[in-house]
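Summary of the model geometry
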Amino acid sequence: MQNRLAELVAARRNLMRDRTATLNRLKTLTIDLLKRHARHRLRQIEAQVSSLDAAIEALVAEDRNLSRRRDVLASIPGFGLVTAHALLADMPELGTMEEGQAASLAGLAPVTRQSGAWRGRSFIQGGRAPLRQALYMPAMAAMRFNPDLKRVYDKLNAKGKHAKIAITAIMRKLVILANALLRDNRLWTPKAA
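Procedures and definitions
- Every chain begins its residue count from 1, and numbering advances along the sequence as written.
- A pLDDT threshold of at least 70 governs which residues receive local features in this predicted model, and a stricter bar of 80 or more applies before side-chain atom pairs are shown or counted, although totals over entire chains, interfaces and linings include all residues.
- Side-chain calculation: all heavy atoms of the structure are included, whereas hydrogens and water are not.
- One side-chain nitrogen of Lys or Arg within 4 Å of one carboxyl oxygen of Asp or Glu is enough to make a salt bridge.
- Starting at the N terminus, helices and strands are each numbered in turn, a helix being any DSSP run of H or I of at least four residues and a strand any DSSP run of E of at least two.
- For each residue, the accessible area found with a 1.4 Å probe, counting protein chains only, is set against the maximum for its type, and the residue is called buried under 20%, exposed over 50%, and partly exposed in between.
- Under the convention used throughout, the expected extent of a helix is 1.5 Å for every residue step, that is, one less than its residue count.
- By the convention used here, residues are in contact when the closest approach between their heavy atoms is within 4.5 Å.
- The term nonpolar core refers to a set of buried residues drawn from Ala, Val, Leu, Ile, Met, Phe, Trp, Tyr and Cys, joined through side-chain atoms within 4.5 Å.
- Each patch is built from residues lacking any salt bridge and having more than 30% relative accessible area; the joining distance is 9 Å for like charges and 5 Å for nonpolar side chains (Val, Leu, Ile, Met, Phe, Trp, Tyr).
- To be clear on the numbers: accessible area is Shrake-Rupley with a 1.4 Å probe, and residue cover counts the displayed protein chains and nothing else.
- For this count, His and the chain ends are skipped, Lys and Arg are scored as positive, and Asp and Glu as negative.
- Where a charge lies is defined by one atom per residue type: Lys uses NZ, Arg uses CZ, Asp uses CG and Glu uses CD.
- Whenever two N or O atoms come within 3.5 Å, that pair is a polar contact, provided that in protein one can donate a hydrogen and the other can accept it, and provided that, for residues adjacent in sequence, both atoms are side-chain atoms.

Moving on: the pattern of salt bridges. Proximity of charged atoms lets side chains of opposite charge pair with each other. Under the definition given, this model contains 10 salt bridges. Note that Arg-19 and Glu-46 form a salt bridge whose closest N and O atoms lie 2.5 Å from each other. Highlighted residues: Arg-19 in helix H1 (residues 2-28) and Glu-46 in helix H2 (residues 32-62), separated in sequence by 27 residues. Taking the relative accessible area as the measure of exposure, Arg-19 reaches 27% and is therefore partly exposed. Of the residues examined, Glu-46 reaches a relative accessible area of 36% and is grouped as partly exposed. Notably, a salt bridge pairs Glu-57 with Arg-70, separated by 2.6 Å at the nearest N-O pair. Linking Glu-57 in helix H2 with Arg-70 in helix H3 (residues 64-74), this pair joins segments that are 13 residues apart in sequence. Judged by its relative accessible area of 8%, Arg-70 falls in the buried class. One network of salt bridges, with partners in common, ties together Glu-57, Arg-70 and Asp-71.

This is the structure:
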């Protein structure tokens, strides 16, 4: 089941890359025939994406455990079904790890460069790139609509942190939150202020 889900999600991700490339090509085309071909290809891609979405949904619905895990992930503000499916496919270990392990596996744990008294800048590295890509847009949405994470983002901005650093911190918080909710098998609820 897990391998089938991962394969379907990867196929969807590839179609979305093709869609972006075709849209970019369409902007520069000057010959009408090529424009028609590009628009036709976009319609094909949209139909295939819809077909894959239906197949992913049917596969998840077959398994009660997978369906519950999807519901838990989709309850997080900023996450939709596409993100929930991507997390289920790309990080099946989610819900069984410690906080730092989840962030590290996603490639969102800060790594500090230092040697003796010298301290370099922290950065993120490694992990699963498709997972980071899947978390970027939900982090952007969470910064605006998830009250808990909006406070974190505003606090980082007030400290003068660069926007990319703050977004990465929100992505890290999201994967840690998803891990905790799946571990506890509960839906997201806002914290009391």
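Another point: helix H7 (residues 147-158). Compared with an ideal rise of 1.5 Å per residue, which puts 12 residues at 16 Å, H7 spans 16 Å between its outermost C-alpha atoms and is within 8% of the ideal. Against the buried residues of H7 lie helix H6 (129-145) and helix H8 (163-184). Phi turns positive one or two residues past the end of H7, at Gly-160, with a value near 85 degrees.

The next subject is the nonpolar core. A general trend in soluble globular proteins is that nonpolar side chains are found buried together. By size, the foremost hydrophobic cluster in this structure holds 41 residues, and its most contacted members are Leu-5, Leu-73, Phe-79, Leu-94, Leu-135, Ile-170 and Leu-174. Broken down by element, this core gets its largest block of residues, 10 residues, from H8. In contact with Leu-174, other than residues within four places in its own chain, are Ile-76, Phe-79, Leu-135, Pro-138, Ala-139, Ala-142 and Leu-149.

Turning next to a positive patch on the surface. Among the surface-exposed residues, Lys-155, Lys-159, Lys-161 and Lys-173 lie close enough to one another that they form a single positively charged patch. Secondary-structure assignment places Lys-161 in the loop between H7 and H8. On the basis of relative accessible area, Lys-161 is assigned to the partly exposed category, the value being 41%.

A contiguous nonpolar patch, built from Ile-31, Leu-33 and Leu-34 and spanning about 250 Å² of accessible area, is present on the exposed surface. As for its position among the elements, Ile-31 is in the loop between H1 and H2. For Ile-31, a relative accessible area of 48% gives the class partly exposed.

Among the secondary structure elements, Thr-168 is positioned in helix H8. Sequence separation between Thr-168 and Pro-77 is 91 residues, and the spatial gap between their C-alpha atoms is 17 Å. A distance of 2.8 Å separates a polar side-chain atom of Thr-168 from the backbone oxygen of Lys-164.

Turning next to H3. The complete set of buried residues in H3 reads Leu-66, Ser-67, Arg-69, Arg-70, Val-72 and Leu-73. The inward-facing, buried residues of H3 contact H1, H2, helix H4 (81-90) and H8. With a side-chain oxygen positioned 2.9 Å from the backbone nitrogen of Asn-65, the residue opening H3 is Asp-63.

This brings us to unusual backbone geometry. Outside of glycine, negative phi angles account for most residues, and trans bonds account for most peptide bonds. Of note, the phi angle at Asn-185 is positive, near 50 degrees, even though the residue is not glycine. By the element assignment, Asn-185 lies in the segment after H8. Note on Asn-185: relative accessible area 45%, which makes it partly exposed.

All we've got here are geometric facts, nothing functional implied.
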